[in-house]
Amino acid sequence: MDMDIFTVFSIIGTIAFAVSGAIVAMEEEYDILGVYVLGLVTAFGGGVIRNLLIGVPIPMIWTQGMLLKTAVIAMTVAFVLPIKWIKTWKKSEAFFDAIGLSAFAIQGALYATGKYPLSAVVVAAMLTGIGGGMIRDVLAGRKPLVLRDEIYAVWAMSAGAAIGLGWFDSPVELLILFAIVIVFRMLSVHYGWRLPRRSLKYALSQSVYEDENREAAKKEHKEGERQ
């Protein structure tokens, strides 16, 4: 049964992130090859990064034939959807992104639970949940969402910790956790919850501006003395 629920979360996350990558590619005006590449990277990039860090052979991805076919079908559907349907998706983009985040975070945690310590379970959940999206944004020339927008990776890490500590174990409990992560992700979007940040952009620009003014004042003063 554990394998069944693992597969369910894998399929949900694959569909959500494959479509997300495909739509981003179309927004950036990539051709159909770019759509498939970006969609596959989004759907499987997090798992590849996770496998690299926990020592699972990368070729394991090629054994996931069902998930690869699922991703290709999802991307193809997204590519041929009418524009008005894609606009509807865009309005609900954060929700579907939350679905992918939650599903893959739980899938990553289940992958590592029982084999690695709690810290590795948390990292596996986080990387599986956010890794594909980060690669997608970088390839699309965007600032990674996870590094600038709301509380994002925290929910994936929290899901990993909850599973690693054994708080959510049965299929029903995991489905409840799946819903909880989605709800908190959407709450963070709605209310704009953010982690503490410190911006140096304005401070540094002001400092450069003041230095330029100071140098200009010195130059004017020297020219006045010469006259």
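Nothing here was measured: the structure is a model prediction, and the numbers come from that model. (Residues numbered from 1 in each chain as written. Predicted model: local features only at pLDDT ≥ 70, side-chain atom pairs only at ≥ 80, totals over all residues. Heavy atoms only, no water.)

Asks: Mind showing me how you'd approach the overall build of the protein chain here?
Replies: A count of helical and extended segments in the protein chain gives nine helices and zero strands. Going residue by residue from the N terminus, the α and β elements of the protein chain occur as α-α-α-α-α-α-α-α-α. Burial analysis of the protein chain (227 residues in total) assigns 41% to the buried set. Partitioning the intrachain contacts of the protein chain with sequence separation of at least 6 by distance along the chain shows that 76% fall at a separation of at least 24. Accessible surface, the protein chain as shown: approximately 13,000 Å² in total, 66% of it carbon and sulfur. (Helix = DSSP H or I, 4+ residues; strand = E, 2+ residues; numbered from the N terminus. Buried < 20%, exposed > 50% of the residue type's maximum accessible area, 1.4 Å probe, protein only. Contact = heavy atoms within 4.5 Å. Areas by Shrake-Rupley, 256 points an atom, 1.4 Å probe, with all protein chains shown as cover.)

Asks: It is not clear to me how unusual backbone geometry should be interpreted in this structure. Could you clarify?
Replies: Across residues other than glycine, the phi torsion is negative in most instances, and most of the peptide bonds are trans. Phi at Glu29 is positive, roughly 65 degrees, even though this residue is not glycine. The topology assignment puts Glu29 in the loop between helix 1 (2-27) and helix 2 (32-54).

Asks: What is the right way to read the pattern of salt bridges from this model?
Replies: Side chains bearing opposite charge may pair, as long as their charged atoms lie close to each other. Per the counting criterion, the structure on display carries three salt bridges. The residue Arg142 makes a salt bridge to Glu27 at a minimum N-O spacing of 2.6 Å. Pair noted here: Arg142 is in the loop between helix 6 (118-139) and helix 7 (153-164) and Glu27 is in helix 1, with a separation of 115 residues, a long-range link. Looking at Arg142, the relative accessible area reads 27%, which means it is partly exposed. The exposure class of Glu27 is partly exposed, given its relative accessible area of 34%. Notably, a salt bridge pairs Arg136 with Asp137, separated by 3.0 Å at the nearest N-O pair. Looking at Arg136, the relative accessible area reads 6%, which means it is buried. Here the salt bridges share partners, and the residues they tie into one network are Glu27, Glu28 and Arg142. (Salt bridge = Lys/Arg side-chain N within 4 Å of Asp/Glu carboxyl O.)

Asks: Can you walk me through empty space enclosed by the protein in this structure?
Replies: One simple way to see leftover space: roll a probe sized like a water molecule over the atoms. This structure, assessed with the given rule, holds one cavity of 30 Å³ or more. One number sums up the size of the largest cavity: a volume of about 50 Å³. Taken together, the residues of the lining of the largest cavity sort by class into six nonpolar, two polar and two charged. (1 Å grid on protein atoms, 1.4 Å probe; cavity = no way out; pocket = protein on both sides within 12 Å on 5 of 7 lines; lining within 4 Å. Points joined across faces, edges and corners; volume = space filled by probe spheres on them. Nonpolar A, V, L, I, M, F, W, Y, C, P; charged D, E, K, R; others polar.)

Asks: Any chance you could explain a nonpolar patch on the surface here in plain terms?
Replies: Residues Val172, Ile176, Ile180, Val183, Phe184, Tyr191 and Trp193 make up a contiguous nonpolar surface patch of about 640 Å² in total accessible area. In this structure, Val172 sits in helix 8 (residues 171-191). Judged by its relative accessible area of 57%, Val172 is exposed. (Patch = residues over 30% accessible without salt bridge, like charges linked within 9 Å, V, L, I, M, F, W, Y side chains within 5 Å.)

Asks: Would you mind showing me how to read the packing of aromatic side chains here?
Replies: Ring pairs (aromatic) are described by centroid distance and by the angle formed between their planes. Within this structure, the stated rule accounts for two aromatic pairs. Between Phe17 and Phe104, the ring centres sit 5.4 Å apart and the planes meet at 70 degrees, which makes this aromatic pair edge-to-face. Of the two residues, Phe17 is situated in helix 1 and Phe104 in helix 5 (residues 93-112); the sequence distance between them amounts to 87 residues. When the ring of Trp155 is compared with that of Phe184, the centres are 5.3 Å apart and the planes differ by 40 degrees; the resulting orientation is tilted. Pair noted here: Trp155 is in helix 7 and Phe184 is in helix 8, with a separation of 29 residues, a long-range link. The class for Trp155 is buried, based on a relative accessible area of 14%. Given a relative accessible area of 35%, Phe184 falls into the partly exposed group. (Phe/Tyr/Trp six-rings, centres within 6.5 Å; stacked < 30°, edge-to-face > 60°.)

Asks: Explanation requested: the environment of Met134 in the structure shown.
Replies: Tracing the backbone shows Met134 in helix 6. With a relative accessible area of 26%, Met134 lands in the partly exposed category. Along the chain, Met134 and Pro144 lie ten residues apart, while their C-alpha atoms are 5.2 Å from each other.

Asks: In this structure, what is going on with the packing of helix 7 against helix 8? I would like to understand it.
Replies: Following both chains from N to C, one finds helix 7 and helix 8 inclined at 155 degrees, their axes separated by 10 Å at the closest point. Viewed along their axes, helix 7 and helix 8 adopt a mutual orientation that is roughly antiparallel. Crossing of helix 7 against helix 8: the hand is right-handed. Residues Trp155, Ala159, Ala162 and Ile163 of helix 7 form the contact with helix 8, whose participating residues are Leu174, Leu177, Val181, Phe184, Arg185 and Ser188. Per-class residue counts for the contact of helix 7 with helix 8 are eight nonpolar, one polar and one charged. (Axes fitted to C-alpha atoms, helices over the stretch in contact; angles between N-to-C directions. Parallel < 35°, antiparallel > 145°, perpendicular 65-115°, else oblique. Left-handed = near helix turned anticlockwise from the far one by under 90°.)

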